[in-house]
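Listed here are the chains, written in short residue letters.
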Amino acid sequence: MEPEQIKRRTLLTTAVGVLAAGAVTSMPGRAAAAAAQETLADYSKHTSDARSVTVTSTTGQQLRLTAYGDQIVRVHATRAGETFFADTRYEMVVPGNHTSMGGTLSVTATSDTLELHTAAADGLRVVLHKKPLRLEFYARDTGALLAKEDSAHGVSWSGTNSTIAAQAFAAPPSDERFLKAGHGILGRTPKIDRTGDTVSHNYADAAQAADNPNDQAPAIVPFYLSSKGYGVFFNTTFDTTFTFGGTNGYGFSADGHNAGGAQPQLDYFLINGPRFAQLLDRYTQLTGRPRLPQQSIFGLHMSDHSFPDVSDQNWWQSKITQHRSAGFPFDHQVNDNRWRNGTGGWSGSWFEFSPDRWPDPAGYEKWAVANGVTVTLDYNRNNTNLMENWKGGPPPGGYSLAASDLTNVANNKSVPDWTNPATRAWVWKVFWDKALNPSLAYPCDGLWIDETDDVGAIPYTAKMADGRTWAENRNAYILNLHKGVGQEGWDPSGSGHIGAAKRPWTWSRGATAGQQRYGHYWTGDISSTYDEMKNQIRGMQTAGLGGFPFANIDGGGYGNGNADSDAFYRNWPVAWSSLAPIWRPHTSATVPSKGKKASRWPLDQSAQAQADFAKYGQLRYSLMPYVYTLAHQAGASGLPMARAMVIDYQNRPQAYTHDLQYMWGPSLLVAPLLSDGGAVQQVWLPAGTTWYNFWADIKHAGTDSGDFAYTTRTGETPLFVKAGAILPKYPYAQSTAYFNKRQLELEVYAGADGAFDLVEDDSVTEAYRSGRTSVTHLAYTDAATRVVVSHPQGTYDGAPDRRRYVVRFHGLAAAVGMRVNGGATLPAFTSEAAVIANGSGAGCVWDAQAKVLSVVTAEIAVGSNGTAATIEPSGAAFPAVSAGTVYQAETARLDDTFVIDTLHPGYTGTGYADFNGTSAGATLAWTVTTATAGQKQLRIRYANGSGDDRPVTIDVNGTKGATLALSPTGSWDTWATATCTATLPQGANITVRATLTKSTGANIDSLSVL
């Protein structure tokens, strides 16, 4: 199938013909001839108020222009005898915005024109010519022309019974580029720059529905952006077509398919920028801010789809425990069919916990909460008729449509009519009664709503519960569902609703503009190929341009039931997916049919794949403060987490052609590996800055005159950091619920000044909406090699009262003495862990090979104003390094009674050794190196939250030494050290072993050799 398959119908041909017309002729009266075309006639009169002007033509047509704030003007046209649709007819725009956004529109009449402008000096100016009625749009401050009609291009109606409403603009200038938001089927986008293209993103029609599963999961966003600094949102749920210059002209149209009932009206919002980020901010102000999920949703998701024969409550608990024990992170459990009552398969099962496979969901929820796991449950449309209290047939008694309208629809006894408030109330009640009611204490943090995109075989003429035709409603089908689950179900306070206690994570197959304020979507059952990967990379970016910044893609593709190669697994499900908004590896392949490698779980893959999974897991989770701040920015302004290069580099031609790379926030450039590895991949590093290769800390000067030739390696996504970047991090943890917020780490890349505002909150509730967040300003001055960390503005439940800062300066020529808050020059150590284990709590470390200087501060009390920490050179030379080397527990040889865990914060490295056995004699063994023979101090760093000693005996190369008591530390989050002396030989491969002398053990963080 082609990357973007659009089946061309008569409607598309007709619409394109209308938009490309070289001349138009005014046709008075209401024409009924199939080929007739009516355009706006001459000016007759107008009325106005503070916000709007309504113009009547000589033939009785009406044109209304309305200000929405200072930067948006709405254009709405009707034929003679029609009335304007109610503002709230289409709920893609937030209904309350029609009044709350306000605005003023000043009108000056001349003999030939009406001159209008919004209030802001940098707002919009509109010129309406009178003979005939034709519009021109300008940026008020610069006078720059944005778009214009002329005598041959304007508003028109055509087709049988005037079923097509169109807007045609004059030909755009040759240097104007167009970006179409959203995407067609399966998230596929052939390119970001759609200049010269004809684009139609709509719900699958009858022919496409018959082709499912190929034609599914569109993102229906009738919005586009122009490089000239404006955007247009077409406010209709009828089928739309956009043409962006070339032989088909420039404009857009809506087609009612001659289905009877209401016909499309020409209704759009022209939005002023001029920057793309401003356009996205204003577009999502209009249609709704993207709904911020819980922080756990930005952790790793895994599903049970590959295990249809064994997945159940016990399997999940065992699988997650094994996964975590190997050091991998995990946050979100995606249940695919097996949890449901009935068959536990795609069909014959319904939304209710199976008493056989899930006998104790409340018990599982206790375990999930204790282990930092959140859970999605799935609903498949095809099983709707099996759900409790379903009523077939149309209203007033039923929740569906007339049977005669469903003849050609697959699973036609399960077709909800989401325009019916009773249907929406019914499905929410099922979700509530079977899973979400807190009194049940069942595991459910998200709803996966599947196959809502495959009822396109409903005829256009079918009548829905709201009285409109399917032709008008089908593009809003998924939006209406999300309204029921989000606005009407989840969000209200009081009995029967979740309210502010927990953020929703509701994701459907496909989306409609405006849905982002309720829920999310994923791109469907995509292929498992590198060509598909390219489409998804672009689709992720165009979704972000349409208000859907949390791209949710089957990591590695759903595929065709076959297992993928090792290289493909490492490059897509692991590497690229970990650097996308949602990391959710998924596949159609099953272990019973294709063997262990069919699974997306890392422990079922090769050793190298496991190593890559661990590497990217540690990267994503440690970067979570950065990632989660990007999510907050997306929720507040619509700015995508994964930004198309055009957002940051709007005026550079390269940004419109390099659409297989993107900015991951303001500081990171990601160019996903698009082959198995070993080839050269071209990466554009924009001029004007220095770029660091993230993996090697090698600097490259940006240039717009050519691309950087990157020699690829399997499992290594080309990743670059912009000079001046400040990347905030937490110590690695295996769940977002485990993060140690008392330690904030900053990766600072020298070569330019930089700043970053870190946003934190309670990670779960809606309290952030009422201001319960903290914003910590981070600033770097390159000339002074100075980092200033401000005290946070604001607070939230669970915010730390003290904080240690670890600042790593990349790209320095040499080490220098450093100080904190004007104090003395800090002592130097061999590692950051050595600084913390030393007990002084402050020091610095120089990595001469990587040219990275680390500064570790003592814990500093968190205030509400001013500066928390200034880290800068002291003016002294870098001091001599204190002796001592730290060996982490996660690098030791562990008995299988130990697991690597991160539940309790305060450890160094990437975790600690947690004893899960039941008998004495378990061991940890480190291999250490000493430069000289002799007496050495061996220091164990540990935590013991019990009330009893948990001793270990130390031996060196098999020679028994001292026993360390490892006395109670007061809590499992409090760490202490215990020290003994032993004689060590000179050299490498020296074994230091700790053996438990009881059947219980402390948590072991590290061994220091001093």
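Residues numbered from 1 in each chain as written. Predicted model: local features only at pLDDT ≥ 70, side-chain atom pairs only at ≥ 80, totals over all residues. Heavy atoms only, no water.

Novice: Please give an account of the overall build of the protein that cites residues and values.
Specialist: For the protein, the helix and strand inventory stands at 17 helices and 59 strands. For 1010 residues, the compact-globule estimate of 2.2 N^0.38 gives 30 Å, and the C-alpha radius of gyration of the protein, at 31 Å, lies within 12% of that figure. Seen along its three principal axes, the alpha-carbon backbone of the protein occupies a region of about 105 × 65 × 55 Å. Looking at the protein residue by residue over its 1010 residues, the buried ones come to 62%. Considering only intrachain contacts with a sequence separation of at least 6, the fraction spanning at least 24 residues in the protein is 70%. Carbon together with sulfur atoms contributes 50% to the accessible area of the protein, which is approximately 32,600 Å² in total. (Helix = DSSP H or I, 4+ residues; strand = E, 2+ residues; numbered from the N terminus. Rg over C-alpha atoms; globule rule 2.2 N^0.38 Å. Buried < 20%, exposed > 50% of the residue type's maximum accessible area, 1.4 Å probe, protein only. Contact = heavy atoms within 4.5 Å. Areas by Shrake-Rupley, 256 points an atom, 1.4 Å probe, with all protein chains shown as cover.)

Novice: Hey, could you go over the sheet that holds strand 13 (residues 178–180) for me, with residue numbers and the actual values?
Specialist: Taking strand neighbours across the sheet as the criterion, the eight strands line up as 2-3-4-5-20-17-16-13 in an open arrangement whose pairing is antiparallel. Only two strands of the sheet have a single partner each, and these edge strands are strand 2 (43–48) and strand 13. With direction set aside, neighbouring strand axes in the sheet form an average angle of 20 degrees. Pairing analysis gives five bridges linking strand 2 to strand 3 (residues 52–57), with the strands arranged antiparallel. Paired with His46 across the two strands is Val55, which belongs to strand 3. (Pairing = 2+ DSSP bridges. Axes fitted to C-alpha atoms, helices over the stretch in contact; angles between N-to-C directions.)

Novice: With reference to specific residues and values, describe the pairing of strand 56 (residues 959–964).
Specialist: With four bridges connecting them, strand 55 (residues 952–956) and strand 56 associate as antiparallel partners. Each residue of the ladder has a partner; that of Asp955, found in strand 56, is Lys960. Connecting the antiparallel pair strand 55 and strand 56 is a turn made up of two residues, with Asn957 showing a positive phi of about 50 degrees.

Novice: Which residues make up helix 13 (residues 607–622), and what are the values?
Specialist: Look at helix 13: 22 Å from first C-alpha to last across 16 residues, which is about the 22 Å you get at 1.5 Å a residue. Among all positions in helix 13, only Ala609, Asp612, Phe613, Tyr616, Gly617, Leu619, Arg620, Tyr621 and Ser622 are buried. Buried-residue contacts for helix 13 involve helix 5 (313–325), helix 11 (566–578), helix 14 (624–637), strand 31 (662–664), strand 37 (719–722) and strand 38 (726–729). (Expected span 1.5 Å × (residues − 1).)

Novice: Which residues make up the packing of helix 7 (residues 421–436) against helix 9 (residues 477–490), and what values go with them?
Specialist: Viewed as axis vectors pointing N to C, helix 7 and helix 9 meet at an angle of 60 degrees, and their least axial separation amounts to 9 Å. Classified by the interaxial angle, the pair formed by helix 7 and helix 9 is oblique. Viewed along their axes, helix 7 and helix 9 form a crossing whose handedness is right-handed. Judged by residue contacts, Arg424, Trp428, Phe431 and Leu436 of helix 7 engage Asn480, Lys483, Gly484, Val485, Glu488, Gly489 and Trp490 from helix 9. When grouped by side-chain class, the residues that make up the contact of helix 7 with helix 9 number five nonpolar, three polar and three charged. (Parallel < 35°, antiparallel > 145°, perpendicular 65-115°, else oblique. Left-handed = near helix turned anticlockwise from the far one by under 90°. Nonpolar A, V, L, I, M, F, W, Y, C, P; charged D, E, K, R; others polar.)

Novice: Which residues make up the pairing of strand 10 (residues 145–148), and what values do they have?
Specialist: Two elements, strand 9 (residues 134–139) and strand 10, share three bridges in a ladder whose sense is antiparallel. Counted as the bridge partner of Tyr138 is Leu145 from strand 10. Counting the residues that bridge the hairpin from strand 9 to strand 10 gives five residues, and of these Gly143 lies at a positive phi of roughly 80 degrees.

Novice: Describe in detail the packing of aromatic side chains, supporting the description with residues and values.
Specialist: Enumeration over the complete set of coordinates arrives at 68 aromatic pairs. Between Phe169 and Phe252 the ring centres are 6.2 Å apart and the planes differ by 65 degrees, which places this aromatic pair in the edge-to-face class. Here the residue Phe169 occupies a position in strand 12 (residues 164–169), and Phe252 occupies one in strand 19 (residues 250–255), the gap between them amounting to 83 residues. Given the relative accessible area of 0%, Phe252 is considered buried. Seen in terms of ring centroids, Phe234 and Phe252 are 4.8 Å apart; in terms of plane orientation they differ by 55 degrees. Their pairing is tilted. In this pair, Phe234 is assigned in strand 17 (residues 230–234) and Phe252 in strand 19, connecting sequence segments 18 residues apart. The pair formed by Phe234 and Phe252 is uniform in burial state, with each residue classed as buried. Among the aromatic residues, those joined into a ring-pair cluster are Phe169, Phe178, Tyr224, Phe234, Phe242, Phe244, Tyr250, Phe252 and Tyr268. The ring of Phe242 is capped by Lys180, whose NZ or CZ atom sits 5.2 Å from the centre of that ring. (Phe/Tyr/Trp six-rings, centres within 6.5 Å; stacked < 30°, edge-to-face > 60°. Lys NZ or Arg CZ within 6 Å of the ring centre and 35° of its normal.)

Novice: Just give me the short version of the packing of helix 5 against helix 6 (residues 361–370), but keep the residues and values in it.
Specialist: Between helix 5 and helix 6, whose axes approach to 11 Å, the crossing angle comes to 10 degrees. The angle between helix 5 and helix 6 falls in the class roughly parallel. Counted together, Gln313, Trp316, Gln317, Ile320 and Thr321 of helix 5 and Pro361, Tyr364 and Trp367 of helix 6 form the full contact between these two elements.

Novice: Let's hear about the pattern of salt bridges: which residues, and what values?
Specialist: Inspection of the entire model under this criterion finds 52 salt bridges. Its salt-bridge partner being Asp193, residue Arg177 comes within 2.9 Å of it at the nearest N-O pair. Placement of the pair is Arg177 in the loop between strand 12 and strand 13 and Asp193 in the loop between strand 13 and strand 14 (198–199), with a sequence separation of 16 residues. The class for Arg177 is partly exposed, based on a relative accessible area of 27%. (Salt bridge = Lys/Arg side-chain N within 4 Å of Asp/Glu carboxyl O.)

Novice: How would you sum up the environment of Ala370? Please name residues and give values.
Specialist: As for its position among the elements, Ala370 is in helix 6. The exposure class assigned to Ala370 is partly exposed, which follows from its relative accessible area of 48%. Ignoring any residue separated from it by four or fewer positions in sequence, one finds Ala370 in contact with Tyr738 and Leu903.

Novice: Any details on the sheet that holds strand 25 (residues 374–380)? Residues and values, ideally.
Specialist: Read from one edge to the other, the open sheet built from six strands follows the order 21-22-25-26-27-29, with strand pairing classed as parallel. Two strands in the sheet have a free side with no partner beyond their single neighbour: strand 21 (301–303) and strand 29 (520–522). Within the sheet, the average angular offset between the axes of one strand and its neighbour, ignoring direction, is 25 degrees. By the bridge criterion, three bridges tie strand 27 (residues 506–509) to strand 29 in an arrangement that is parallel. Counterpart to Arg509 in the pairing with strand 29 is Trp522. Contacts from helix 9 reach strand 26 (446–450), strand 27 and strand 29, with the element oriented near 160 degrees to strand 27.

Functional significance is not addressed by these values, which are geometric in nature.
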